[in-house]
Amino acid sequence: MAPAITLAAEAPKLSAANTGFMLICSALVLIMTPGLAFFYGGMVRVKSTLNMLMMSFISMGIITILWVLYGFSLAFGTDKGSFIGWTSDWVGLSNIGLTELWDGYTIPVFVFMVFQLMFAIITPALISGALADRVKFTAWSLFIALWATVVYFPVAHWVWGAGGWAFELGVIDFAGGTAVHINAGAAALGVILVIGKRVGFKKDPMRPHSLPLVMLGSGLLWFGWFGFNAGSWLGNDDGVGALMFVNTQIATAAAMLAWLIYEKIRHGAFTTLGAASGAVAGLVAITPSGGAVSPLGAIAVGAIAGVLCAMAVGLKYKFGYDDSLDVVGVHLVGGVIGSLLIGFFASGKGQSTVEGLFYGGGLTQFWKQCAGVFAVLGYSLVVSAILAFLIDKTMGMRVSEDEEIAGIDQAEHAETAYDFSGAGGGSARTAVPAPADTDAKKVDA
């Protein structure tokens, strides 16, 4: 018999299929930020619509530049003490080869970098919904730059970076339950506790001005979320990404139905706002858990999240914090639910062999999930509150009361979302030109 020959493990090779798949997923995640802008924009009053859109759009500019300069290195560079990463060759994305592969995968570093960039963009944008109607645009822009640097980049390293303490502990977060949703929801709570309530909170009607915009936004979020979730496996070779795709659809449907049923029982109607909010709650909850649970488990995760998030959105009235668009009730609570339920519903047949309590695995994974959830929640809450306090005491975080009442769109952007000047039916040909010495801002006013 010929002697056995031991072959070295073959190094991964660049996969055109996985690379193309991940580029498409990156684009899907990016479209979620405009989708979020529409979702939030429709939920506010007319006078705040443009400001709400801009608070999401500005994140696409600021976070992209920070990610290129140093964010990617801090989040995914060589581990430094289990808290932060750093690789100097990645500063400014220098010294990265075009075909250089992300370690252990078949996609280029550039592709992994841009996919993670889209997560970094949407996470601070999520916070904005809690602060509607009352925050200076310059203060918001500074806040997200500082917050990304001292909160998001380190937390992303904890959860997803090789050597990060949560990663090494075995905390499961497939696509961002802790790093994205709990992180953003806790930050939102920290900021609103500092800056206070809107003028007229609990007194004036603050109903959504455009439910069609809300539904459009939620549809774009649902669509983009398939890239957000399924893409987080960084390839399509073993079926786990497909499981995540399927579970994303299932949990979202279950959460929407559960929210609507709760709403009908509690308030007597099936509302479009409830359908949109329920869908988002399901998307949030399945984000950390979808690679670990079965399709039946996804139904349970979605249904539980739908009911509990619907209940949680009313807590702001009970406890007196003004979370304008229910970021705490949906993203923080939904993220906590989805992350902790892994400890009960992990089947051991998805992304890993880890089994939850209902599959014979005991509570070991549940306690690991608790460690990740409450560490991220506490860190983001405290640091975000400190950042908001410092900005408020230096440049001021809020617009004036008069500007808030008149409308933040006009005060901060010199524009309005809807121009009804031609509603009387006059011909455009008879429009009166503005005086030569009148600037654009005065004309818009």
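A count of helical and extended segments in the chain gives 17 helices and two strands. Against the compact-globule benchmark of 22 Å for 445 residues, the chain has a radius of gyration of 23 Å, which places it among compact chains. Its C-alpha atoms give the chain principal-axis dimensions of roughly 100 × 55 × 45 Å. Within the span of the chain, comprising 445 residues, buried residues form 54% of the whole. By sequence separation, contacts in the chain at least 24 residues apart represent 76% of the contacts at least 6 residues apart. Total accessible area computed for the chain in this model is approximately 18800 Å², and 67% of it derives from carbon and sulfur atoms.

Take the confidence of the model for the chain next. When the pLDDT values of the chain are averaged, the result is 93; 93% of them are 70 or greater. Below pLDDT 50 for its whole length, residues 1-8 participates in zero contacts with residues either more than four positions away or in separate chains. Segment residues 425-445 is flagged for pLDDT under 50; beyond a separation of four residues in sequence, or across chains, it makes six contacts in the model.

Next up on the list: the packing of aromatic side chains. Within this structure, the stated rule accounts for 31 aromatic pairs. Both rings, one in Trp158 and one in Tyr379, keep their centres 5.0 Å apart while their planes meet at 55°; by these two values the pair is tilted. Of the two residues, Trp158 sits in helix H4 (residues 137-160) while Tyr379 sits in helix H14 (residues 364-394), which places them 221 residues apart along the sequence. Judged by relative accessible area, Trp158 falls into the buried class, the value being 4%.

Here the focus is the side chain of Asn183. Relative to the assigned elements, Asn183 resides in helix H6 (residues 177-195). Filtering out sequence-adjacent residues up to four positions away, Asn183 remains in contact with Trp147, Val151, Tyr152, Val155, Thr178, Val376 and Ser380.

Locating Ala275 in the fold gives a position in helix H9 (residues 272-289). Between the C-alpha atom of Ala275 and that of Ala253, which follows or precedes it by 22 residues, the distance is 9.6 Å. Setting aside anything within four residues of it in sequence, one finds Ala275 in contact with Met256 and Leu260.

For the structure shown, the criterion picks out five salt bridges. Of the charged contacts in the structure, one is a salt bridge between Lys316 and Asp326, with a shortest N-O distance of 2.9 Å. With a gap of ten residues between them, Lys316 in helix H11 (residues 315-319) and Asp326 in the loop between H11 and helix H12 (327-340) connect regions that are remote in the sequence. Residues Lys316 and Asp326 agree in their burial class; the two are buried. The structure contains a network of salt bridges with shared partners spanning Arg45, Asp133, Arg198 and Asp322.

Turning our eyes to something else, we now look at the environment of Leu221. Position of Leu221 among the secondary structure elements: in helix H7 (residues 211-230). Residue classification places Leu221 among the buried residues on the basis of a relative accessible area of 2%. Between the alpha carbons of Leu221 and Met55 there is a distance of 17 Å; along the sequence they are 166 residues apart.

The phi angle of most residues is negative, glycine excepted, and most peptide bonds adopt the trans form. Within the chain, Ser82 stands out as a residue other than glycine whose phi angle is a positive 70°. Mapped onto the elements of the fold, Ser82 is located in the loop between strand S1 (79-80) and strand S2 (84-85). With phi around 65°, Leu234 is a residue other than glycine that occupies positive phi space. Turning to its location among the elements, Leu234 is positioned in the loop between H7 and helix H8 (240-267).

About the cut-offs
- The residue numbers shown here count from 1 along each chain, following its written sequence.
- Per-residue local features are limited, in this predicted model, to residues with pLDDT of at least 70; the limit for side-chain atom pairs, both in listing and counting, is 80 or more; totals at the level of whole chains, interfaces and linings are taken over all residues.
- As a rule here, side-chain values come from all non-hydrogen atoms in the structure, and water together with hydrogens is ignored.
- Secondary structure counts use DSSP, requiring at least four H or I residues in a row for a helix and at least two E residues in a row for a strand, with both numbered from the N terminus.
- Radius of gyration here is computed from C-alpha atoms only, and the compact-globule reference equals 2.2 Å multiplied by the residue count raised to the power 0.38.
- Throughout this description, buried means an accessible area under 20% of the type-specific maximum (1.4 Å probe, protein chains only), exposed means over 50%, and partly exposed covers the range between.
- Contacts are assigned to residue pairs with any non-hydrogen atoms lying within 4.5 Å of each other.
- Here the Shrake-Rupley method, with its probe set to 1.4 Å, supplies the accessible areas, and only the displayed protein chains count as covering residues.
- pLDDT measures the predictor's confidence residue by residue and takes values from 0 up to 100.
- Centres within 6.5 Å are what make two rings of Phe, Tyr or Trp a pair, Trp counting through its six-membered ring; a difference in plane orientation under 30 degrees is then read as stacked, over 60 as edge-to-face, and the rest as tilted.
- Should a side-chain nitrogen of Lys or Arg be within 4 Å of a carboxyl oxygen of Asp or Glu, the pair is scored as a salt bridge.

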